[in-house]
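Structural characterization, general
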Amino acid sequence: MAGGKAGVLLCMGNPLLDISSVVDQAFLDKWDLKMGNAILAEEKHAPMYTEMVEKLPVEYVAGGATQNSARVAQWMIQTPGAVSYIGCIGKDKFGEQLKKAAIKDGVNVQYLEDPSAPTGTCAVGVLGGERTLCANLGAANNYKVEDLELPAKWSIAENAKFYYMAGFFITVCPPAIMKVAKHAAENNKTFMMNLSAPFIMQVPPFWAALNEALPYIDVLFANETEAVTFAEVSGWETRDVAEIALKIAKMPKTNGAQCRTVVFTQGADPTVVVHNGKVRRYPVIYLPKEELVDTNGAGDAFVGGFLSQLVCGKGMEECCRAGNFAANTIIQRSGCTFPDTPTFDWA
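Residues numbered from 1 in each chain as written. Predicted model: local features only at pLDDT ≥ 70, side-chain atom pairs only at ≥ 80, totals over all residues. Heavy atoms only, no water.

Attention now moves to helix H12 (residues 298–310). Across its 13 residues, H12 extends 18 Å between first and last C-alpha, which sits within 8% of the 18 Å expected from 1.5 Å per residue. Counting buried positions over the 13 residues of H12 gives 12, a clear majority of the element. (Helix = DSSP H or I, 4+ residues; strand = E, 2+ residues; numbered from the N terminus. Expected span 1.5 Å × (residues − 1). Buried < 20%, exposed > 50% of the residue type's maximum accessible area, 1.4 Å probe, protein only.)

So this is what it looks like as structure tokens:
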């Protein structure tokens, strides 16, 4: 059975419309893209979006890392409005498409709408089941903490018990991150973030913002590449994912009432979880290569599944089982999409 109260989980991030297509190596080389990576678009990438739309068979799917996780968590929980989502879109047809998709999934979306900028888009190139992401943030880049401070928005934050943001939001609005992080610590609620991409740690201002938020983070998610990048930038010698997870779990924490949990996914390899200072590994669901459609949104889906159980008071084993179920569902479909109802067996 599903569960979870309305408004229990608030997610904040960069709402993007994914423009997804199968590409070839020549396309990747032309636009300087690498499989498995996620980057912010530069000026040189501007014509790429037009080229994709005009020359490739593209699909438009509601995206943005945090919004993906919010939609998956909502899909798993099934209680209408269990998950709220805040971010900034433009007043345009892409924005309307995003709104429609999120509302259809049952998420309580509370967008800030900025008429001065287009809704953000993310080019998703798929090759051999792997994906590369190139995000043009557009209006998503214009989110301001003043929107969160509006009574109608802040009441959503106050009513929630759990908060999740992808690291990508660091590039947009650190003040909003810190406002929510401090509220969570002061009220013994659960604040969660994701490292999201190597550049979050490699760009000094983003690394500084991450380190400001880190003492408030109760649950930290990442994949193995991001975990290793964290260790490199921190000047640690170890490249062992479990050791890195243990070290991050032991870093200073504002709210001592909760231990820090660190969750590192590793593609087809077992998920490494440090909880209460102990390392555990949870195997993923085996999927034959021929059934893999694309990995876009797999990490986001894992987080969404994980959160669906965490907000219902379940333990790490159930959280990871649900995360793996959601990721396994998403990689057998194009983009971060899912059937109308999950077949997940709630414990």
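Right, picking up where we left off after that structure.
Here we come to the sheet that holds strand S11 (residues 162–166). Taking strand neighbours across the sheet as the criterion, the nine strands line up as S7-S5-S1-S11-S12-S13-S14-S15-S16 in an open arrangement whose pairing is mixed. On the outer flanks of this sheet lie strand S7 (108–109) and strand S16 (278–282), each paired with one strand and no other. Where strand S12 (residues 190–194) lies against strand S13 (residues 219–223), three bridges are found, and the strand directions are parallel. Bridging across to S13, Met 192 finds its partner in Val 219. On the sheet, helix H7 (residues 174–186) packs against strand S1 (9–12), S11 and S12 and is oriented at approximately 150 degrees with respect to S11. (Pairing = 2+ DSSP bridges. Contact = heavy atoms within 4.5 Å. Axes fitted to C-alpha atoms, helices over the stretch in contact; angles between N-to-C directions.)

A few words now on the side chain of Gln 266. Position of Gln 266 among the secondary structure elements: in strand S14 (residues 261–266). Setting aside its immediate chain neighbours within four residues, Gln 266 contacts Glu 224, Val 241 and Val 272.

Residue pairs three or four apart in sequence face the same way in an α-helix, which turns once every 3.6 residues. Among the residues of helix H6 (residues 151–159), Lys 153, Trp 154, Ile 156 and Ala 157 are the ones counted as buried. Take H6 and look down its axis: the buried residues cluster within an arc of 145 degrees, on one side only. Residues Pro 151, Ala 152 and Asn 159 are exposed on H6 and point more than 90 degrees away from its buried face. (Arc of directions from axis to C-beta.)

Bringing the pattern of salt bridges into the picture now. Going through the model one piece at a time under the given rule, you end up with 10 salt bridges. In this structure, Lys 30 and Glu 51 form a salt bridge, with 2.7 Å as the shortest nitrogen-oxygen distance. Placement of Lys 30 in helix H1 (residues 25–30) and of Glu 51 in helix H2 (residues 46–55) is noted, with a sequence separation of 21 residues between them. For Lys 30, a relative accessible area of 52% corresponds to the exposed category. On the basis of relative accessible area, Glu 51 is assigned to the buried category, the value being 16%. The partner of Arg 71 in a salt bridge is Asp 105, and the shortest N-O contact between them spans 2.5 Å. (Salt bridge = Lys/Arg side-chain N within 4 Å of Asp/Glu carboxyl O.)

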